[in-house]
Amino acid sequence: MSIRLWIDDREVLAEPGERILEVAQRQGISIPTLCHHPALPVLGACRVCLVEVQQGKRREITTACNTLVQEGMRVATDTAEVRGHRAMNLELLRARAPEAPAVRELATQLGVARSRFRPPAQNPLPNCILCELCVRACAHLGHHALAAVGRGDKKRIGLPHNRPAEACVGCGSCLSVCPTRCILLKETATTRTIWGQTFELVRCKSCGAPVMTEAQRAHAIRTKQLPEDHDDTCELCKQSAASQRLASVVW
Amino acid sequence: MGCRTCELACSFVHSRAGALGRPRIRIHAQGRGLEAGVIKDRYLQLTCLQCAEAACAKVCPTQALVRDETTRAIVLVAERCIGCGLCEAACPFGHMHFDRQIRLPLKCDLCGGSPACARFCPHHALEIRP
Amino acid sequence: MARIANAAALAAYRKQQRALRPAERKAIAVCAGTGCKAFGGLEVFEAFRAALDAHGLAKTWDLRATGCHGFCERGPLVLFFPEGRLYQRVKPEDVEEIVTRTLLGGEVLERLLYQDPVTGARHEKEHDIPFYRHQRRLVLAQNGQIDPTSLDDYLVLGGYGGLVKALGMDPAAVVAEVKRAGLRGRGGAGFPTGVKWEICRAAQADQRYVICNADEGDPGAFMDRSVIEGNPHLVLEGMLIGAYAIGASQGHVYIRQEYPLAVERLELALAQARALGLLGQDILGSGFSFDVHVSRGGGAFVCGEESAMIASLEGRRGVPRRRPPYPAAQGLHGKPTNINNVETWATVPIILEKGADWFAAIGTAGSKGTKIFSLVGKVNNTGLVEVPMGITLREIVEVIGGGIPGGKAFKAVQTGGPSGGCLPAEKLDVAVDFDSLVREGAMMGSGGMIVMDEDTCMVDVARYFLGFLKFESCGNCTSCRDGLEQLHALVTDIAEGRATSGTLDLLEELAETIRATSLCALGTTAVNPVQSTLRYFRHEYEAHIRDGRCPAKVCKALIHFSINDKCTGCTLCAKNCPQKCITGERKALHVIDQARCIKCGICRDVCKFAAVDVQ
Ligand SMILES: Cc1cc2nc3c(=O)[nH]c(=O)nc-3n(C[C@H](O)[C@H](O)[C@H](O)COP(=O)(O)O)c2cc1C
Ligand code: SF4
Ligand code: SF4
Ligand code: SF4
Ligand code: SF4
């Protein structure tokens, strides 16, 4: 049974279990987000996707990403109050991540030209906004190598219990999803270093170009994502091989 | 003919933020051969085959690679991608490229049904067939 | 002890136990609660044991170590039954005299009686003492009477009678009874307990859970601890009744690691109840089965929040999640789960025993029954007080609490724990109930109550609580994690004289965003200390900012100590100064080196001639 609600005075149908954000996006209504990723579990950390929700007599400002739609709900995505609170939270994040382009751009867009706050005292990973996208991506891949550690103003992202986590395979997914790109990844022709660990890279067996980390390859084979006899060639050499096979057929 | 216009066209169409994208079609020189009594350079154009059982789509942990129902192409839903790079490793033909700068895979999406490579080929050597 | 098969067998067993200890039997109850223990309660207990043995009285007098009596300020406390005589501040040295003169001689030892600090009157009986007289003890009623390690003690006083009644009713009727009683949750939010049970009961599931929230993270609060330590079976009985009403077969008590004694008492109570068949399969032949598991929490304040608690019980990080779905629909392991506070559970047997109407007659229209507060701070009688809802703050502070010590003026009372609000003297006549307190910018919370006198700086108070909360935030939300840190920094700026005219505006703007946009109640209520002090004591903030002055003379950066001409040159201050920054010849005016002074105020405290000024 569908749920009927209103978003910005537009009547909308949604399914039970859906959240305001996805329903709004489907309607082409854009709501800014920093910690949201459609393929990962919702967290509601950045407090940027704020909307005003009226449900019966109850009216509140809340986050669209993790609020379930309910029958008769009235959602307003762009009121002055909503904009004000979004801007304040972005101002807080701007103090935390002054150099992150994504934060700076969104802040500017919301009218936060600069932050009136000092950078937080504890900020071991500069520009990290503690959105835990990295943690969630890593967990989703089955590695569980990252965790949010500590609480309150001492919360940080790190390897669980401060140990070099054998669980990390150096795949770099955490960096891929990081909205501030604050995770350091260094690559040489033969190695990749991330989260303080250095990984050997698989080298293309024809040309020697780096492909992926040994550890990621091993994990993917173990979990049957890649076949046992996985072909360690780079994409270009794979193409050449394919073209040669084709040529021998054509000519 | 080996003019590589298709590669260029692809790069243009799939450019991001002013930078040329990596072409998703490539021309591979296959040496020379005798054709109708004339010695010619041989070239093959290779691009994604949009496999029926696409290895890239199968390996993707977030279902970010899905078949477009109209073009039948396997396309990337970038919002769902978590940039793990497994798709590049999984493609047996080397058509999946994981861009290490933007941290997203690049693949032929048939340009939504009207591929630039075919449109721009001066020799009309490329065409799309269902 | 054999398993008790049914209600009739329980009644028979109870009768048998009562015969063994008639109500008129003489008993000595030594408080072994946390407060009294700290003052040496256990030594007093041991001294009594030895003295009774020595005098051959062990058979005529029952000696019990009981749970907290509440009047911790005056501990160690010793109660004598059946008279209800109370001796306070008893020391082991007093015991011999008590035994010979009071027990044997029937004499009352005046010096051990409570003396009213204001009137000077001595009170012999516990219930005559103003601290107790104005309380209404339901949950704590048995604390001073029973030995918490004895299930028989509890049974003698009618324990598990509520359960027997409940088991004779339809589960839905039990829910209806609790609903009709108007009981609201004692853990903070004051949600109607019966309604919560009803929702949980209505959720379709093959398994339901009940949880007792004994995380009690508020600094200075020890209500829940005292209830569990002093009367664990009462809590257990409440959980049994609730589980029966809801249809849960498994219960958890989430209790903080720092309460080892409470854990021990609870584990013992569980074992006793299991042995008697009050827990386990087919309880009292009713077909209802239930057991309880004790889980220890790591001591994070936020784990008291129900969704964080569930995460923690499931072995995940204790972080709250967005509700709905509420635990009543999707809780522990995804199953419908009902979470109540210790005090809430402990109230349930009383409602069943005495009836919903009896209970609903206590309190106000919107808040029924009694609430336990831990009364601390600048008040004469600190301790645990259980009062009927609707009592005024003034009665608690001035009558039960006996007013402010040292003739100082009352300034504010903070209710509701670290994220409660501070109410000024004008609000002392506000009724203590869920809705009135919230209306005034404070809250009931779980029952912390801190009294502050004129020497308290409200900016400093706000800063103190923010410091606690920024540390205890789970760190998920930008608004709560970064917001509280920045709010703390702004208030610190004010306290240390760095604030500018814009600081207050930014402070208010930020506080509102934290309140409006944080995920759980930790964040949304964390600004109460700031918002309430701004509401009632704005002038103090302004004095700090505009005049660079701390009116209560607390904020170190804004005060300095100097020595006036009353100085006799006694050198006492110079001797005590930890910085050794006071100089002066004997019998000559002393001087403080301002550059080195750390403003500890010791010189002012030690000076016998009031020669040290603070500005
Ligand atoms: C930050 C935070 C801390 C809490 N701490 C406690 C606690 O220590 N004890 C408690 O019973 N409830 C605590 N609560 C309230 C619980 O979330 C929950 O409302 C309560 O246990 C429900 O029981 P009740 O209905 O009997 O009050 C806390 C809530 C928050 C937001
Ligand atoms: S690089 Fe390591 S930490 Fe990052 S997602 Fe991959 S396995 Fe996880
Ligand atoms: S490292 Fe990046 S993805 Fe991870 S929490 Fe920080 S900002 Fe988010
Ligand atoms: S890189 Fe993106 S598209 Fe490729 S497999 Fe990983 S998540 Fe899927
Ligand atoms: S409001 Fe604070 S404690 Fe609550 S979830 Fe957010 S960060 Fe955690």
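What counts and how
- Residues numbered from 1 in each chain as written.
- Chains lettered and ligands numbered in written order.
- Predicted model: local features only at pLDDT ≥ 70, side-chain atom pairs only at ≥ 80, totals over all residues.
- Heavy atoms only, no water.
- Pairing = 2+ DSSP bridges.
- Helix = DSSP H or I, 4+ residues; strand = E, 2+ residues; numbered from the N terminus.
- Axes fitted to C-alpha atoms, helices over the stretch in contact; angles between N-to-C directions.
- Contact = heavy atoms within 4.5 Å.
- Domains from an automatic or database assignment.
- Buried area = accessible area lost by both parts, 1.4 Å probe.
- Salt bridge = Lys/Arg side-chain N within 4 Å of Asp/Glu carboxyl O.
- Polar contact = N/O pair within 3.5 Å; in protein donor to acceptor, adjacent residues only side chain to side chain.
- Nonpolar A, V, L, I, M, F, W, Y, C, P; charged D, E, K, R; others polar.
- pLDDT = per-residue confidence, 0-100.
- Near = heavy atom within 4 Å.
- Areas by Shrake-Rupley, 256 points an atom, 1.4 Å probe, with all protein chains shown as cover.
- Parallel < 35°, antiparallel > 145°, perpendicular 65-115°, else oblique.
- Left-handed = near helix turned anticlockwise from the far one by under 90°.

## Some points on the sheet that holds strand E10 (residues 197-203) of chain A
All names here are of chain A.
Then comes step 1: The strand order E8-E9-E10-E11 describes an open sheet built from four strands, whose pairing is antiparallel. Edge positions in the open sheet fall to strand E8 (185-187) and strand E11 (210-213), since each of these has one partner strand only. If you compare each strand with its neighbour and ignore which way they point, the axes differ by 30 degrees on average.
Then comes step 2: Of the strand pairs in this sheet, E10 and E11 are connected by two bridges, and their pairing is antiparallel. By the bridge assignment, leucine 201 is partnered in E11 with threonine 213.
Then comes step 3: Here helix H6 (residues 214-222) sits on the sheet in contact with E10 and E11, set at roughly 65 degrees to E11.

## Notes on the domain arrangement of chain A
Residue and element names in this part refer to chain A.
Then comes step 1: By domain assignment, chain A separates into domain 1 (1-119) and domain 2 (133-247).
Then comes step 2: Taken together, the contact pairs 12 residues of domain 1 with seven residues of domain 2.
Then comes step 3: Between domain 1 and domain 2 the total buried area reaches about 800 Å² when both faces are included, carbon and sulfur atoms providing 65% of it.
Then comes step 4: In this structure, the connection of domain 1 to domain 2 is made through zero salt bridges.
Then comes step 5: Put simply, domain 1 and domain 2 have two residue pairs in polar contact (both at pLDDT 80 or more) between them.
Then comes step 6: Among the residues forming the side of domain 1 that touches domain 2, the class breakdown is 10 nonpolar, two polar and no charged.

## Quick look at the confidence of the model for chain B
Then comes step 1: Per-residue confidence for chain B gives a mean pLDDT of 83, with 85% of residues at or over 70.
Then comes step 2: Interface predicted TM-score (ipTM) for the complex: 0.95; the corresponding pTM is 0.93.

## As for the site of ligand 1
Residue and element names in this part refer to chain C.
Then comes step 1: Surrounding ligand 1, one finds 19 residues, the nearest of these being Gly187, Lys196, Asn213, Asn341 and Thr344.
Then comes step 2: Separating an oxygen atom of ligand 1 from a side-chain N or O atom of asparagine 340 is a distance of 2.9 Å.
Then comes step 3: Between an oxygen atom of ligand 1 and a side-chain N or O atom of asparagine 341, the distance comes to 2.7 Å.
Then comes step 4: Relative to its free-state accessible area of 610 Å², ligand 1 is covered by the protein chains to the extent of 91%.
Then comes step 5: Residue assignment for the shell around ligand 1 shows that the elements contributing at least two residues are strand E10 (337-341) and helix H21 (521-526).
Then comes step 6: A per-element tally of the shell around ligand 1 places E10 first, with three residues.
Then comes step 7: Of the residues in the shell around ligand 1, the class split is four nonpolar, nine polar and six charged.

## Brief notes about the site of ligand 4
Then comes step 1: Taken together, 14 residues lie near ligand 4, and Cys60(B), Cys81(B), Cys84(B), Gly85(B) and Cys87(B) sit nearest.
Then comes step 2: Counted by class, the shell around ligand 4 contains 11 nonpolar, three polar and no charged residues.

## A look at the sheet that holds strand E7 (residues 209-214) of chain C
All names here are of chain C.
Then comes step 1: Within the open sheet, the four strands sit side by side as E9-E8-E7-E10. Their pairing is parallel. At either end of the open sheet lies a strand with only one pairing partner, and these are strand E9 (291-297) and E10. Along the sheet, successive strands turn relative to each other by an average axial angle of 20 degrees, direction set aside.
Then comes step 2: Bridge count between strand E8 (residues 250-256) and E9: seven bridges; the pairing is parallel. Within E9, the residue paired with histidine 252 across the bridge is histidine 293.
Then comes step 3: Packed on one face of the sheet, helix H14 (residues 342-354) meets E7 and E10 and runs near 90 degrees to E10.

## What about unusual backbone geometry?
Then comes step 1: With omega at -10 degrees, the peptide bond leading from Gly75(C) into Pro76(C) counts as cis.
Then comes step 2: Tracing the sequence through the fold places Pro76(C) in the loop between strand E2 (62-66) and strand E3 (78-81).
Then comes step 3: Omega for the peptide link from Arg323(C) to Pro324(C) comes to -5 degrees, which places this bond in the cis form.
Then comes step 4: Structurally, the position occupied by Pro324(C) is in the loop between helix H13 (306-313) and E10.
Then comes step 5: Phi at Cys111(B) takes a positive value of approximately 45 degrees, unusual for a residue other than glycine.
Then comes step 6: Turning to its location among the elements, Cys111(B) is positioned in the loop between strand E6 (104-106) and helix H4 (116-120).

## Concerning the packing of helix H2 (residues 80-96) of chain A against helix H20 (residues 503-517) of chain C
Then comes step 1: The geometry of H2(A) relative to H20(C) is characterised by a closest axis approach of 10 Å and an angle of 105 degrees between their N-to-C directions. The pairing of H2(A) with H20(C) is recorded here as roughly perpendicular in orientation. On H20(C), the residues touching His85(A), Met88(A), Asn89(A) and Leu92(A) of H2(A) are Leu506(C), Glu509(C), Leu510(C), Glu512(C), Thr513(C), Ala516(C) and Thr517(C).
Then comes step 2: Taken together, the residues that form the contact of H2(A) with H20(C) break down as five nonpolar, four polar and two charged.

## Observations concerning the packing of helix H19 (residues 478-495) of chain C against H20(C)
All names here are of chain C.
Then comes step 1: Running from N to C, H19 and H20 point in directions that differ by 155 degrees, and their axes come no closer than 10 Å. Considered as vectors, H19 and H20 are oriented roughly antiparallel to each other. By crossing handedness, the relation of H19 to H20 is classed as left-handed. Taking contact as the criterion, the partners of Ser479, Cys480, Gly483, Leu484, Gln486, Leu487, Leu490, Val491 and Ile494 in H19 are, on H20, Thr503, Leu504, Leu506, Leu507, Leu510, Ala511, Thr513, Ile514 and Thr517.

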